[in-house]
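Coordinate inspection notes
Here's the letter readout for the chains.
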Amino acid sequence: MERPLLSPGDEFATKNPMALGAIINFVQKAKAVDNESTYSHTGIITDPYGSTLEALWTVKSQNLWEAYQGARVLVVRNIHMTPPVYAAGFEKIREHIGQWYPAPRL
């Protein structure tokens, strides 16, 4: 399968197979107009090679292609995401790398 061309600031979504993912999908499905919910985990793509920044047990980076090999993954791009916009946004979240998952925000 051919991989899409990625850009810093692209976002991805996939299904979290753990209980938390099932709970997230249950709530999203209940609120959805079409009564559907597939994805329960998201992250930011930080380079063209598939590096990510995402909240797992801690906020960390991993490779999209290795971490989600064989899984259904949705990749989206905001048409207003430019390199300066990405850099400014990333600078604001950089301090969270390594922190524990912010569970109280759920």
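Residues numbered from 1 in each chain as written. Predicted model: local features only at pLDDT ≥ 70, side-chain atom pairs only at ≥ 80, totals over all residues. Heavy atoms only, no water.

Across all of its chains, the model carries two aromatic pairs by this definition. Ring plane angle 45 degrees and centroid distance 5.6 Å describe the contact between Phe-12 and Tyr-68, whose orientation is recorded as tilted. With Phe-12 in strand β1 (residues 11–14) and Tyr-68 in the loop between α2 (64–67) and β5 (73–76), this pair connects stretches of sequence that are 56 residues apart. Taken as a pair, Phe-12 and Tyr-68 share a single burial class, namely buried. (Phe/Tyr/Trp six-rings, centres within 6.5 Å; stacked < 30°, edge-to-face > 60°. Helix = DSSP H or I, 4+ residues; strand = E, 2+ residues; numbered from the N terminus. Buried < 20%, exposed > 50% of the residue type's maximum accessible area, 1.4 Å probe, protein only.)

Okay, the pairing of strand β3 (residues 52–55) next. Bridge analysis of strand β2 (residues 41–45) against β3 gives two bridges, and the strand direction is antiparallel. In the strand pairing of β3, Ile-45 is matched with Thr-52. Between the antiparallel neighbours β3 and strand β4 (residues 59–60) lie three residues. (Pairing = 2+ DSSP bridges.)

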